[in-house]
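# Chain and residue survey
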Amino acid sequence: MKAPAARLSAAALPTLPATVIRPNYDLAAVRVGIVHLGPGAFHRAHQAVYVDDLLAEHPDWGICGVSLHSAGVRDALRPQDGLYTLALLGEQTSLRVIGAIRELLVASEDQAAVLARLAEPAVKLVTLTITEKGYCLAGEDIDLAHPDIAHDLAAPQTPRSAIGYVVAGLRERHARGIAPYTVLSCDNLAGNGHRLRRAVLQYAARVDAELAAWIEAEVAFPCSMVDSITPATDDALRQRVADALGCVDAWPIQREAYTQWVIEDRFCNERPPFERAGATLSHDIAGYDRAKLRLLNGPHSTLAYLGSLMELETVSAAMAEPLLAGFIERLMRQDIVPSLPALPGFDPQAYVDAILARFRNPAIRHLLAQIAWDGSQKIPVRLLGTIAEALTAGRPIERLCLPVAGWLHFVARQARNGVAIVDPLADTLARCGATGDVDAFLALDGVFGALAGDTRFTTALRAAHAALAPATPDAVRHALDS
Ligand code: CS2
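Residues numbered from 1 in each chain as written. Predicted model: local features only at pLDDT ≥ 70, side-chain atom pairs only at ≥ 80, totals over all residues.

The protein has the name Mannitol dehydrogenase family protein in an unreviewed UniProt entry, where Rhodanobacter ginsenosidimutans is given as its organism.

Set out below in structure tokens:
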């Protein structure tokens with residue numbers, strides 16, 4: 001079918017069909033109050049929608065989206081006046097045009113503009129979705145050997161990394177006597193604010209000790225827990241949106257209807273009233289982020305690796321395999337729930353029920369391959385913490401080791417088939433995968449940590465690895481069944 005020629009834009013808004021929800025505020029009246037690093041699909045489907053809900057009454061909280069390296073988002077959205085379509089997937093899909101991102105920059109090309117925004121007094125909040133690897137951590141500490149961090153330490157006024165930008169902006173504000181912004185991580189890491197703060201302070205201390213002391217005393221790094229399943233954009237979505245809108249959106253996005261955002265209420269500057277858009281502001285969010293990472297993302301990665309080895313394509317297809325679905329449910333209820341602290345008002349079994357229903361949602365085509373990316377960054381926060389605590393508490397770890405062993409086989413299969421591994425450790429992983437040797441993986445820097453030296457873990461991992469061999473669909477079925 002021939003695609004319609006017109007492009008989504010502010011001028012096209014009045015021509016859209018009435019069923020498409022669109023900004024209920026004057027786009028021209030919105031001013032930038034938030035700089036967001038990493039305006040990828042998750043940010044645009046999650047935080048930007050909360051902001052969009054607020055702009056009619058609070059037009060000072062528009063977003064300047066800054067991509068650190070890639071120009072893709074800017075180039076797709078700038079010709080559309082920053083507008084894009086969000087498809088909310090459910091029994092009935094609804095479409096909504098989001099206008100919260102008022103400016104799009106690429107740091108590597110528009111560095112002066114990014115630094116100028118960060119120094120503006122009207123910018124009171126800097127948020128981040130840069131994925132696990134964007135934090136440049138090795139374990140709990142900043143990775144000083146990371147090429148971007150090494151670069152930024154040598155040239156802190158012209159940074160490349162997110163940490164470098166956060167600190168360069170704060171340095172300028174400190175020098176000019178401007179109140180600091182709050183730095184809010186919206187990435188999927190337990191204690192994300194604490195990790196970010198630690199990395200920022202370690203970096204800043206090497207740039208300027210006085211600045212580091214000011215940041216330590218004055219800048220807030222609240223933690224937050226984010227949740228909404230956001231499958232990557234595909235051609236089917238682009239076509240569906242073009243058909244419904246009657247114009248082209250170069251980069252629409254999609255997510256499930258469910259969304260959750262729990263934010264620690266600790267800001268050092270003004271903040272948008274996110275609670276009016278449905279977010280939960282709380283003084284203590286520790287526990288909620290851990291529950292989400294362990295109970296949703298851990299099983300998600302499990303489905304990704306074991307499901308891929310079974311030659312399945314999507315999360316819902318994996319959940320339709322009784323052996324895999326049964327394994328996931330046992331893993332969640334019997335192995336992961338016991339690792340979670342009791343939280344007031346939190347019923348873990350009901351949470352498991354809701355997550356299983358979300359995984360089964362047939363309206364969502366969420367590719368296992370998408371979730372399988374960046375295993376070296378995801379496995380530690382999603383599965384290895386649960387394993388370490390189970391060992392300390394004397395609980396069994398056999399089931400928990402199966403997805404970790406599944407990752408090893410998955411990587412080995414990619415290496416064998418010459419398929420590119422999407423992971424910051426790709427080259428090392430390809431070498432480990434080529435040997436297929438569990439010891440080579442255990443020696444990976446910053447992945448297994450102390451577990452690599454714990455024979456209870458290494459024995460269980462080897463057993464799980466052997467149980468899955470030769471990692472054919474039948475072998476995986478057999479391992480799940482035993
Ligand atoms: C997924 C997450 O891609 C992945 O690794 O596990 O993006 C997941 O969909 C979100 O965390 C859900 O909130």
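Resuming the write-up.
## A word on the overall build of the protein
Check the secondary structure of the protein and you find 20 helices and 13 strands. What you see for the protein is a C-alpha radius of gyration of 23 Å, in line with the 23 Å of a compact globule of 482 residues. Structurally, the protein occupies a C-alpha span of about 60 × 60 × 45 Å along its principal axes. Expressed as a percentage of contacts within the protein between residues at least 6 apart in sequence, the contacts between residues at least 24 apart total 77%. (Helix = DSSP H or I, 4+ residues; strand = E, 2+ residues; numbered from the N terminus. Rg over C-alpha atoms; globule rule 2.2 N^0.38 Å. Contact = placed C-beta atoms within 7 Å.)

## Considering the UniProt feature "domain: Mannitol dehydrogenase N-terminal" (unreviewed entry) in the protein
Within this structure's numbering, the places UniProt gives as "domain: Mannitol dehydrogenase N-terminal" (unreviewed entry) are residues 33-275. Secondary structure across residues 33-275 divides into 36% helix and 22% strand, with the first and last C-alpha atoms of the span separated by 17 Å. (UniProt positions renumbered as here; feature names shortened; annotations may be inferred.)

## Quick notes on the domain arrangement of the protein
Along its sequence, the protein is organised into domain 1 (13-283) and domain 2 (286-480). The interface of domain 1 with domain 2 comprises 21 residues on the first partner and 24 residues on the second. Of the residues belonging to the side of domain 1 that touches domain 2, the class tally is 11 nonpolar, five polar and five charged. (Domains from an automatic or database assignment. Nonpolar A, V, L, I, M, F, W, Y, C, P; charged D, E, K, R; others polar.)

## Some remarks on the site of the ligand
Neighbouring the ligand are the residues Asn188, Asp227, Ser228, Ile229, Leu296, Asn297, His300, Gln370, Ile371 and Lys378. Those elements that provide at least two residues to the shell around the ligand are α10 (288-309) and α14 (368-372). Top contributing element to the shell around the ligand by residue count: α10, with three residues. For the shell around the ligand, the class distribution of residues is three nonpolar, five polar and two charged. Taken domain by domain, the makeup of the shell around the ligand includes at least three residues from each of domain 1 (13-283) and domain 2 (286-480). (Near = placed C-beta within 6 Å.)

## Considering the sheet that holds strand β11 (residues 253-256)
Across the sheet, three strands lie side by side as β4-β3-β11; this open sheet has mixed pairing. The open sheet terminates on both sides in strands that have one partner only, identified here as β4 (94-98) and β11. Between one strand and the next, the sheet's axes are offset by a mean angle of 30°, whatever the strand orientation. Direction of pairing for strand β3 (residues 84-89) relative to β4: antiparallel, over a ladder of five bridges. Note that in β4 the partner of Leu86 across the bridge is Arg96. (Pairing = 2+ DSSP bridges. Axes fitted to C-alpha atoms, helices over the stretch in contact; angles between N-to-C directions.)

## Topic: the packing of helix α7 (residues 192-207) against helix α8 (residues 209-218)
Running from N to C, α7 and α8 point in directions that differ by 150°, and their axes come no closer than 6 Å. By the angle between their axes, α7 is roughly antiparallel relative to α8. Residues Val200, Leu201, Ala204, Ala205 and Val207 of α7 form the contact with α8, whose own contacting residues are Ala209, Leu211, Ala212, Ile215 and Glu216. The residue makeup of the contact of α7 with α8, split by class, is nine nonpolar, no polar and one charged. (Parallel < 35°, antiparallel > 145°, perpendicular 65-115°, else oblique.)

## Quick look at the sheet that holds strand β12 (residues 260-264)
On the basis of which strands lie adjacent, the open sheet formed by three strands has the order β10-β12-β13 and mixed pairing. Each edge of the open sheet is held by one strand with a lone partner, namely β10 (224-227) and β13 (280-282). The average angle at which neighbouring strand axes cross in this sheet is 15°, direction not considered. Pairing of β12 with β13 involves three bridges; the strand directions are parallel. Bridged to Val262 within β13 is Thr280.

## Some words on the nonpolar core
Formed by 139 residues in total, the largest nonpolar core has its most connected members in Ile163, Val166, Val200, Ile387 and Cys401. The dominant element in this core, judged by the number of residues it contributes, is helix α16 (residues 398-417), at 10 residues. In this structure, this core is formed jointly by two domains, domain 1 (13-283) and domain 2 (286-480), each of which donates at least three residues. (Core = buried A, V, L, I, M, F, W, Y, C linked by C-beta atoms within 7 Å. Buried ≥ 20, exposed ≤ 12 C-beta atoms within 10 Å, placed from the backbone.)

## A closer look at the UniProt feature "domain: Mannitol dehydrogenase C-terminal" (unreviewed entry) in the protein
Those places that UniProt annotates as "domain: Mannitol dehydrogenase C-terminal" (unreviewed entry) correspond, in this numbering, to residues 284-466. With 69% helix and 0% strand, residues 284-466 has its two end C-alpha atoms placed 42 Å apart.

## Re the environment of Val51
As for its placement among the helices and strands, Val51 is situated in helix α2 (residues 47-54). A sequence separation of 91 residues divides Val51 from Ile142, and the C-alpha atoms of the two residues are 31 Å apart. Dropping the residues within four chain positions of it, Val51 is found in contact with Ile34, Trp61, Ile63, Ala100 and Pro272.

## Points about α7
Given 3.6 residues per turn, any residue in an α-helix points the same way as the ones three and four places further on. Counted at 1.5 Å a residue, the expected span for α7 with its 16 residues is 22 Å, and the 22 Å between its end C-alpha atoms agrees. Asn192, Gly193, Arg195, Leu196, Arg197, Ala199, Val200, Tyr203 and Ala204 are the residues of α7 that are buried. (Expected span 1.5 Å × (residues − 1).)

## Quick word on the confidence of the model for the protein
Per-residue confidence for the protein gives a mean pLDDT of 96, with 99% of residues at or over 70. In the model output, the complex is listed with pTM 0.95 alongside ipTM 0.99. (pLDDT = per-residue confidence, 0-100.)

## As for unusual backbone geometry
Along the chain, Ala469 connects to Pro470 via a cis peptide bond; the corresponding omega equals 0°. Here Pro470 lies in the loop between α19 (455-468) and α20 (473-481). Non-glycine residue Asp81 carries a positive phi angle of around 55°. Here Asp81 shows up in the loop between α3 (72-77) and β3. When the 19 C-beta atoms within 10 Å are taken as the criterion, Asp81 is described as partly exposed. At Asp374, a residue that is not glycine, the phi angle is positive and equals roughly 60°. Tracing the backbone shows Asp374 in the loop between α14 and α15 (375-393).

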